[in-house]
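Letter by letter, the chains look like this.
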Amino acid sequence: METRTDILVPATSCPVCGGRDLSAWKRANFDAARLSSAHIKITDSEYGKVWDLSRCRRCGHIFADPGPSPAALAALYAEVVDPRYEEEAAGRSQNFLRLLSRMEKHRPGKGRLFDVGAATGILLDLARRRGWDPAGVEVSSWAAGVAAEKYGLSVNVGDFVETDIARDRFDAVAMVDIIEHLARPVPAAVKAREILKPGGILCLVTPDIHSPAARMAGPRWWHLRPGHLAYFSLRSLAVLLGRAGFRVLELRRYAWTFSAQYLLSRLPPLRAWADSGPASFLRSIPIKLALGDSFEIYAEKVNRD
Ligand SMILES: [Zn+2]
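What counts as what
- Residues numbered from 1 in each chain as written.
- Predicted model: local features only at pLDDT ≥ 70, side-chain atom pairs only at ≥ 80, totals over all residues.
- Heavy atoms only, no water.
- Patch = residues over 30% accessible without salt bridge, like charges linked within 9 Å, V, L, I, M, F, W, Y side chains within 5 Å.
- Areas by Shrake-Rupley, 256 points an atom, 1.4 Å probe, with all protein chains shown as cover.
- Salt bridge = Lys/Arg side-chain N within 4 Å of Asp/Glu carboxyl O.
- Helix = DSSP H or I, 4+ residues; strand = E, 2+ residues; numbered from the N terminus.
- Axes fitted to C-alpha atoms, helices over the stretch in contact; angles between N-to-C directions.
- Parallel < 35°, antiparallel > 145°, perpendicular 65-115°, else oblique.
- Left-handed = near helix turned anticlockwise from the far one by under 90°.
- Contact = heavy atoms within 4.5 Å.
- Nonpolar A, V, L, I, M, F, W, Y, C, P; charged D, E, K, R; others polar.
- Donors = N, O, S within 2.8 Å, 3.2 Å for Na, K, Ca; no water.
- Tetrahedral: all angles 85-135°; square planar, octahedral: opposite > 155°, others 65-115°.
- Buried < 20%, exposed > 50% of the residue type's maximum accessible area, 1.4 Å probe, protein only.
- Expected span 1.5 Å × (residues − 1).
- Pairing = 2+ DSSP bridges.
- Core = buried A, V, L, I, M, F, W, Y, C linked by side-chain atoms within 4.5 Å.
- Phe/Tyr/Trp six-rings, centres within 6.5 Å; stacked < 30°, edge-to-face > 60°.

S.K.: Account for a nonpolar patch on the surface, naming residues and giving values.
M.R.: A cluster of nonpolar side chains, contributed by Leu 234, Val 248 and Leu 251, occupies part of the molecular surface with about 250 Å² of accessible area. Position of Leu 234 relative to the elements: it lies in helix H9 (residues 234-244).

Okay, here's the thing in structure tokens:
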């Protein structure tokens, strides 16, 4: 792989509130020049590895500084191939069904649903079965290909903010574990608002850097990884959603369901055994983790004139 020393871009202001009072929060502990798509795929196990992180003194947002340039990042994500993600479809389906049922509480009439970072289309397939009209965008052409072949879904390949999407078209937009991967979260949240109908809802899931689980795990917290360029707190999320034109309807703590096999394969001493044939029975054992270390937010598009 060619050297990627040219990818780093320093920040001059907070990407959420625009504040210029920034302080160093953590030092990078991996070599950004060697970053590859394997480090940023969904099921990576690069836990504890972070960019240089700065903290905004005004809104508390923590973000990669310097972080990768948008072009370098787009090139890496376009290359992502992650079959393990699809192997965990059962556990992910449990997560997504919980999200869909809550979206339907806020939008009982359902309608059109747009998934930002649709991956292999698991959420959109479930949504369609429940009566939603699905659409989405995904940066990995491998993942969008799986969505087409396995689920017959037409998912746009590319960057959400750059994708041409009709305004005021969707009843719901899902941004599940995507916003923390973006160097510029405000344009993405603004775009989500633009494509929603008046009164349409946003479902947003993202790690909580100040959660008890994050504090307990410290430098080994599983959300500290090279793919994550931004770490939100309740305050910086409120700033982001307010700037973009959303009103929060419901705030929850996200519970994850994974198979026992997946969870054990995340632990270095057990990885080889968990991936072996005799351990394959573990795939059928679902485990729900109420870690509560991610926010799960439902917000409504506010009308502005
Ligand atoms: Zn800020």
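On we go.
S.K.: Tell me about the packing of helix H4 (residues 89-106) against helix H5 (residues 122-129), and name the residues and values.
M.R.: Relative to each other, H4 and H5 sit at 55 degrees, their axes nearing to 9 Å. Between H4 and H5, the angle falls in the class oblique. The handedness of the crossing between H4 and H5 comes out as right-handed. Where H4 approaches H5, its residues Ala 89, Arg 92, Ser 93, Phe 96, Leu 97 and Leu 100 are matched on the opposing element by Ile 122, Leu 123, Leu 126 and Ala 127. When grouped by side-chain class, the residues that make up the contact of H4 with H5 number 8 nonpolar, 1 polar and 1 charged.

S.K.: Report on the coordination of the zinc ion, specifying residues and quantitative values.
M.R.: Taken together, Cys 14 (SG), Cys 17 (SG), Cys 56 (SG) and Cys 59 (SG) make up the protein donors of the zinc ion, found 2.3 to 2.4 Å from the metal. One way to put it: the 4 donor atoms around the zinc ion meet at angles of 100 to 116 degrees, and that makes the site tetrahedral. Coordination of the zinc ion draws on donor residues from a single chain, spaced C-x2-C-x38-C-x2-C in sequence. Here Cys 14 is found in the loop between strand E1 (8-9) and strand E2 (22-26), whereas its partner Cys 56 is found in strand E3 (residues 53-56), with 42 residues between them in sequence.

S.K.: Let's hear about the pattern of salt bridges: which residues, and what values?
M.R.: Should their charged atoms come close, side chains of opposite charge can pair. This structure, assessed with the given rule, holds 15 salt bridges. When the shortest N-O distance is used, the salt bridge between Asp 125 and Arg 128 registers 3.1 Å. With Asp 125 and Arg 128 both in helix H5 and 3 residues apart, the pair spans about one turn of that helix. Its relative accessible area of 33% is what places Arg 128 among the partly exposed residues. The residue Asp 168 makes a salt bridge to Lys 301 at a minimum N-O spacing of 2.8 Å.

S.K.: Residues and numbers for H4, please.
M.R.: When the terminal C-alpha atoms of H4 are compared, their 25 Å separation across 18 residues agrees well with the 26 Å that a helix rising 1.5 Å per residue should span. Taken as a whole, H4 has its buried residues at Ala 89, Gly 91, Arg 92, Ser 93, Asn 95, Phe 96, Arg 98, Leu 99, Leu 100, Arg 102, Met 103 and Glu 104.

S.K.: Any details on the pairing of strand E15 (residues 294-301)? Residues and values, ideally.
M.R.: In terms of burial, E15 is largely enclosed, as 7 of its 8 residues are buried. Direction of pairing for strand E10 (residues 196-207) relative to E15: antiparallel, over a ladder of 7 bridges. Among the inter-strand pairings, Thr 206 is bridged to a residue of E15, identified as Phe 295. Alignment of strand E12 (residues 246-253) against E15, held across 7 bridges, turns out to be antiparallel.

S.K.: Could you give me a rundown of the sheet that holds E12, with the residues and numbers involved?
M.R.: Across the sheet, 7 strands lie side by side as E8-E7-E6-E9-E10-E15-E12; this open sheet has mixed pairing. What marks the edges here is a single partner per strand, and that holds for strand E8 (156-157) and E12. Here 2 bridges tie strand E7 (residues 133-138) to E8, and the two strands are oriented parallel to one another. Within E8, the position partnered with Val 137 by the bridge is Asn 156.

S.K.: Lay out the nonpolar core in plain terms, naming residues and giving numbers.
M.R.: As a rule of thumb, nonpolar side chains are buried together in soluble globular proteins. Ranked by size, the top nonpolar core spans 35 residues in total, and within it Phe 114, Phe 160, Val 173 and Met 175 carry the most contacts. Mapped by element, the contributors of at least two residues to this core are strand E6 (112-116), E7, strand E9 (170-176), helix H7 (185-195), E10, H9 and E15. With near-sequence residues (within four places) excluded, Val 173 lies in contact with Leu 113, Phe 114, Val 116, Ala 192, Ile 195, Leu 196, Ile 201, Leu 202 and Cys 203. In this structure, Ala 144, Val 155, Val 205 and Tyr 254 belong to the second largest nonpolar core, which totals 28 residues.

S.K.: An account of the sheet that holds strand E4 (residues 62-64) is needed here, citing residue identities and associated values.
M.R.: Strand order in the open sheet made by the 4 strands is E2-E3-E4-E11, with antiparallel pairing throughout. Unpaired on one side and paired on the other, E2 and strand E11 (230-231) mark the two borders of the sheet. In this structure, E4 lies alongside E11, joined through 2 bridges in antiparallel fashion. Bridge pairing in E11 links Phe 63 to Ala 230.

S.K.: Mind laying out the packing of aromatic side chains, listing which residues take part and the relevant values?
M.R.: One pass over the structure, following the stated rule, counts 2 aromatic pairs. Look at Phe 114 and Phe 160: their rings are 5.8 Å apart centre to centre, the planes differ by 35 degrees, and that puts the pair in the tilted class. Note that Phe 114 is positioned in strand E6 and Phe 160 in the loop between E8 and E9, a separation of 46 residues in sequence. A residue is classified by how much of its surface remains accessible, and Phe 160, at 7% relative accessible area, is buried.

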